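# Inside the fold
In case you want the letters, here they are:
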Amino acid sequence: MRSPVAAAAGERAAAWVRELARRQPVEMHGRVLALTAEAIEQTCTREIIPGNDADLTAELRYRLDGSVLLGATNLETVPELTGGERIALAAVAALAVAMPGTAPTRYERELPHPAQVMDNAVAAGRAAAPGR
């Protein structure tokens, strides 16, 4: 049973992260962000399962951990993001990890809260974009 509220927030957040990915002058950083966008979408849709133990795969956890802010690990640069975008990206990734752990018996009641915070983080990240 999919939560439409969480799925919609995850899809909006993933779309924003894809925008960040396309903006990267270093292709490898863009790829890392694109993989993060996919992971956000997956954790906010297919991973929210009532009765699930909310244990994400190692690959999903890796795509959403703090290293996303560093981009591709074999480079000496980091993704080109503003400070506000970095904070928003960290918040979105943390919320994506947390959503599948929402209490299975009450998830329809609980999920709107982290979904709203995710939307707020995306809005803050958009507002912090260069040239705004």
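The sections below set out a description of the structure shown in this document. Remember, it's a predicted structure, so these values are computed and weren't measured experimentally.

Counting secondary structure elements, the chain contains 6 helices and 0 strands. Its helices and strands taken in sequence order, the chain reads α-α-α-α-α-α from the N to the C terminus. In the chain, the proportion of contacts linking residues at least 24 apart, taken out of those at least 6 apart, comes to 71%.

Take the packing of helix α1 (residues 4-22) against helix α6 (residues 112-127) next. It is at 9 Å that the axes of α1 and α6 come closest, and there the two elements cross at 20°. Of the possible angle classes, the one that applies to α1 and α6 is roughly parallel. The chirality of how α1 crosses α6 is left-handed. The residues of α6 that touch α1, namely those facing Val 5, Ala 6, Ala 9, Gly 10, Arg 12, Ala 13, Trp 16 and Glu 19, are Pro 112, Ala 115, Met 118, Asp 119, Val 122, Gly 125 and Arg 126. The class makeup of the residues in the contact of α1 with α6 is 9 nonpolar, 2 polar and 4 charged.

A few words now on the side chain of His 29. Looking at the secondary structure, you find His 29 in helix α2 (residues 27-44). Look past the residues within four positions of His 29 in its chain and what remains in contact with it is Gln 24, Leu 70, Gly 71, Ala 72, Leu 75, Thr 77, Val 78 and Pro 79.

As a further point, take the pattern of salt bridges. Overall, the coordinates contain 7 salt bridges when judged by the stated rule. Glu 41 is the partner of Arg 18 in a salt bridge, and the nearest nitrogen-oxygen pair spans 3.0 Å. One end of the pair, Arg 18, is in helix α1; the other, Glu 41, is in helix α2, and 23 residues separate them in sequence. Using a relative accessible area of 25% as the deciding quantity, one classes Arg 18 as partly exposed. Look at Glu 41 and you get partly exposed, because its relative accessible area is 25%. One salt-bridge network, in which partners are shared between bridges, spans Glu 38, Glu 59 and Arg 63.

Here we take up the layout of surface pockets. Here the largest pocket is characterised by a volume of approximately 170 Å³. Lining the largest pocket, in full, are Val 32, Leu 35, Thr 36, Glu 59, Tyr 62, Arg 63, Ser 67, Val 68, Gly 71, Ala 72 and Thr 73. Of all the secondary structure elements, the ones that give two or more residues to the lining of the largest pocket are α2 and α3 (58-64). Split into classes, the residues belonging to the lining of the largest pocket amount to 5 nonpolar, 4 polar and 2 charged.

Calculation notes
Residues numbered from 1 in each chain as written. Predicted model: local features only at pLDDT ≥ 70, side-chain atom pairs only at ≥ 80, totals over all residues. Heavy atoms only, no water. Helix = DSSP H or I, 4+ residues; strand = E, 2+ residues; numbered from the N terminus. Contact = heavy atoms within 4.5 Å. Axes fitted to C-alpha atoms, helices over the stretch in contact; angles between N-to-C directions. Parallel < 35°, antiparallel > 145°, perpendicular 65-115°, else oblique. Left-handed = near helix turned anticlockwise from the far one by under 90°. Nonpolar A, V, L, I, M, F, W, Y, C, P; charged D, E, K, R; others polar. Salt bridge = Lys/Arg side-chain N within 4 Å of Asp/Glu carboxyl O. Buried < 20%, exposed > 50% of the residue type's maximum accessible area, 1.4 Å probe, protein only. 1 Å grid on protein atoms, 1.4 Å probe; cavity = no way out; pocket = protein on both sides within 12 Å on 5 of 7 lines; lining within 4 Å. Points joined across faces, edges and corners; volume = space filled by probe spheres on them.

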